[in-house]
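Chain by chain, the residues:
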Amino acid sequence: MRIALINVPHPAIGSRIPKEQLPPLGLLSVGGPLIDDGHHVELVDAEFGPMTLRQIVAAATAAKPDLVFFGHSGSSSGHPIIAATAKAVSAAIPSARIVYGGVHPTYFHREILRDEPYVHAIVKGEGEETARQLVRALAEATSLEQVDGIAFRLNGHPFATPAARVIADLNAYRVGWELIDFAKYSYWGNKRAVVVQFSRGCPHLCNYCGQRGFWTRWRHRDPVLLAREIAWLHREHGVEVFNFADENPSAGRKAWTAFLEALIAENISVTLVGSTRADDIVRDADILHLYKKAGFERFLLGMENTDEATLALIRKGGTTTSDREAVRLLRQHNILSMATWVSGFDDQTDADLFRGLRQLISYDPDQIQALYVTPHRWTPYFRLAHDRKVVQFDQTRWDYKHQVLAMSRIPPWRLFLWVKFIEAAAQLRPRSLLRLAWNPDPKIRHAIRWYYRMGRRVWFHEIFGFLFRDRYGQDGRTVGDFLGEPQDAEEEASRLALRPVRN
C-alpha cells in the first residue's frame, strides 16, 4: 500500500521559535516497520515553512496514498490542526483512508469517531505493531475487530478493540530514518539534529503526567544498540545533536550506565540533551562524569514548583532539597540545568509567586522554563481540575505556554506579568550573565549563548501575543465542559456498552 505520514505544523511558540525543526520521531517509528513490511511510505513534514493547508493537501495528493497517517507530539493542542488537515485531505483524496494516532486520539477516540467522519481508524497507545496489524487488515480487507489497540466505527458507532499488548522488545522495531533529509533538521543553534528514545514510560506517579498511563510501564532499548545507532547517525549522516524524547531515561541505573559506557566506547563527539528527575541526578552523583564524557550538555529537570505543598498536591515524589542538589551536581560537571517551573494553581497568591521566584533563584539553575498548569483528561490531575473555570478557549493554546485555568485570586493579566518577570529575573541576574559571558567549554558556551538569543525572541513574542493575539475570558465553562468526564469513568462505560465478550 502507499502510505503518507503527515506531520502538521503546530502554532506553539516552541515550533515557531527558533527557526529550527526536529524530525517527528513518532511518525518515523511507525514508518520504519511499515517500510519493512513492503509498503511505500512517504513523510510530509509540514513544520517546514510552515506549510499552508493548501500546500499540505497538494503534497499529500502528490503521494497518491491509499492511507494517510496523522500524529503529533503536541497532543491536544495539535488536534484542531490535525482535524482541519485530515478533513481537507479526505475531501481532496476521497479514496484514501485516514488513520490517526498519538496520545490525544488514544483517549478521545469516541469523540473523534463521533464528530469527524473523515477519520477511518484510530491507533491507541504505542503504534509500531498496532499500525502494522491495522494496515495488514486494511490491505487484506479482513475484519478490523481482530486488531487489538484500535478504534473505528462498527455499525455506525465508535468501537474500541481491547488494548494491544505492551511492546516488550523495543529493539524489534526500527526508526524509518530513510524518510527524512537529515540536512533539513537542526537544533541547538543550527546543528544537525534528531530525536531519539532510550526508554518509554516512568515508574513514578506524578498526577499531572500521563506517561505511566500511556506507556503502561518503564522499558528501555538495548543500551549498546542505541549507542551504535547514535554513532551511525553521527558518522553516516553528520548528526551532531541528539534530543532524548524520554521523560525519565535514567530510571534504571544499571541500563543507563551501560548506555553511557557504550556511547563513550564509540569515541564520537556529540551533543546530548534530555529530561530526567532531579533525584536521579543526585543518585548518580558518582557517575556524572560518564554523563559528561558521553556528551550530555543539558538536562531539563522536572521540578514543577519550589513549594512543598504544591509538590505534594501533584504527587511529584521529589523534594526541594534534591532539586537544589541536582542543579549543584550538574554544574560541578559543567552540564547545564533547565528547571521547569509551573504556575496557575488555583489558590496561588502574589506572595506565593514572589516566594517561588526567590526559591527558584536560590536553586541557581542555568535556565528556566516557565509553564502553566494544563489539564489533560488522561492524567489523575484532571480530577482536581475538572470543575475549574477555563480562561483560554482556543485548544491550540493548551500547550503549557498559555494560561488555561482560571485562578481564584489572580486574574490572567497579572499572572502573565508575574511569569514574564520571573523569567527575566532568573535569567538576567548577575550570576547568570557571568555564565553567559564565559565558560571554559566552548560547546557549553555556544549552548548558553544560543539559549539566550532564542529566549529573548520568545520572551518578546509571547508579550506581543498576549497583548494583540491571545484572548482570555470566562463564560462559566469548566474543564469538564471542554473535555468531559475523567477517562477511567469513560473506559468503564465503554467496556460495558461497546465491547463484546470474545469467545
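The structure under discussion appears in the preceding block.
## Examining the sheet that holds strand 3 (residues 67-70)
Overall, mixed pairing links the seven strands, which are arranged 2-1-3-4-5-6-7 in an open sheet. On the outer flanks of this sheet lie strand 2 (40-45) and strand 7 (157-160), each paired with one strand and no other. Within the sheet, the average angular offset between the axes of one strand and its neighbour, ignoring direction, is 25°.

## A short note on the nonpolar core
Of all hydrophobic cores here, the largest spans 85 residues; its most connected members are Phe-69, Phe-244 and Phe-259. Setting aside anything within four residues of it in sequence, one finds Phe-69 in contact with Ile-3, Ala-4, Leu-5, Ile-6, Leu-27, Val-30, Leu-34, Val-99, Ala-131 and Val-135. Among the nonpolar cores identified, the runner-up in size contains 44 residues, and Ile-56, Val-57, Phe-214 and Val-404 belong to it.

## Details of a nonpolar patch on the surface
Together, Phe-464, Leu-467 and Phe-468 make up an exposed nonpolar region whose accessible area comes to about 350 Å². Within the secondary structure layout, Phe-468 lies in helix 19 (residues 442-468).

## Let's talk about the packing of helix 18 (residues 430-437) against helix 19
Contact geometry for helix 18 and helix 19: axes closest at 8 Å, N-to-C directions at 120°. Relative to helix 19, helix 18 is oriented oblique. Taking contact as the criterion, the partners of Ser-432, Leu-433, Arg-435, Leu-436 and Ala-437 in helix 18 are, on helix 19, Ile-448, Arg-449 and Tyr-452. In the contact of helix 18 with helix 19, the residues fall into five nonpolar, one polar and two charged.

## Let's talk about the packing of helix 15 (residues 350-363) against helix 17 (residues 412-428)
Two elements in contact, helix 15 and helix 17, have axes separated by 10 Å at closest approach and are oriented at 15°. When the axes of helix 15 and helix 17 are compared, the pair comes out roughly parallel. The chirality of how helix 15 crosses helix 17 is right-handed. Residue-level inspection shows Asp-350, Leu-353, Phe-354, Leu-357, Leu-360 and Ile-361 of helix 15 in contact with helix 17, the latter providing Arg-414, Leu-415, Trp-418, Phe-421, Ile-422 and Ala-425. Grouping the amino acids of the contact of helix 15 with helix 17 by side-chain chemistry returns ten nonpolar, no polar and two charged.

## Here we look at unusual backbone geometry
Omega for the bond connecting Gly-49 with Pro-50 falls within 30 degrees of zero, at -5°, which places this linkage in the cis form. Inspection of the secondary structure puts Pro-50 in the loop between strand 2 and helix 3 (53-63). With a phi close to 55°, Asn-155 is a non-glycine residue in the positive phi region. Note that Asn-155 resides in the loop between strand 6 (150-154) and strand 7. Taking the relative accessible area as the measure of exposure, Asn-155 reaches 70% and is therefore exposed. Located in the positive-phi region is Trp-188, a residue other than glycine, with phi close to 65°. Within the secondary structure layout, Trp-188 lies in the loop between strand 8 (186-187) and strand 9 (191-196).

Rules behind the numbers
- Here the residue numbering is sequential within each chain, running from 1 through the sequence in written order.
- Owing to the predicted nature of the model, reporting of local features is limited to residues with pLDDT of at least 70; listing and counting of side-chain atom pairs is limited to 80 or more, with chain, interface and lining totals taken over all residues.
- To get the side-chain values, all heavy atoms of the structure are used, and hydrogens and water are removed first.
- Each pair of strands is called paired provided DSSP finds at least two bridges between the two strands.
- The way it works is that DSSP assigns letters per residue, a run of H or I at least four long becomes a helix, a run of E at least two long becomes a strand, and they are numbered from the N terminus.
- Axis geometry follows a simple rule: fit a line to the C-alpha atoms, using only the stretch in contact for helices, then measure angles between N-to-C directions, giving values from 0 to 180 degrees.
- Nonpolar cores were defined as sets of buried Ala, Val, Leu, Ile, Met, Phe, Trp, Tyr and Cys residues, with membership established by side-chain atoms within 4.5 Å.
- Each residue is placed in one exposure class: buried if its accessible area under a 1.4 Å probe, protein chains only, is under 20% of its type's maximum, exposed if it is over 50%, and partly exposed if it falls in between.
- By definition in these notes, contact holds between two residues if any of their heavy atoms fall within 4.5 Å.
- Here a patch means residues that are over 30% exposed by relative accessible area and free of salt bridges, tied together within 9 Å if like-charged and within 5 Å if nonpolar (Val, Leu, Ile, Met, Phe, Trp, Tyr).
- Note on areas: Shrake-Rupley with a 1.4 Å probe; residue coverage comes only from the protein chains shown.
- Salt bridge, as used here, is a side-chain nitrogen of Lys or Arg placed within 4 Å of a carboxyl oxygen of Asp or Glu.
- Working definition: roughly parallel below 35 degrees, roughly antiparallel above 145 degrees, roughly perpendicular at 65 to 115 degrees, and oblique for all remaining angles.
- Three residue categories are used. Nonpolar comprises Ala, Val, Leu, Ile, Met, Phe, Trp, Tyr, Cys and Pro, charged comprises Asp, Glu, Lys and Arg, and polar comprises the others, including Gly.
- Two helices crossing with the near one rotated counterclockwise from the far one by less than a right angle form a left-handed crossing, whereas a clockwise rotation gives a right-handed crossing.

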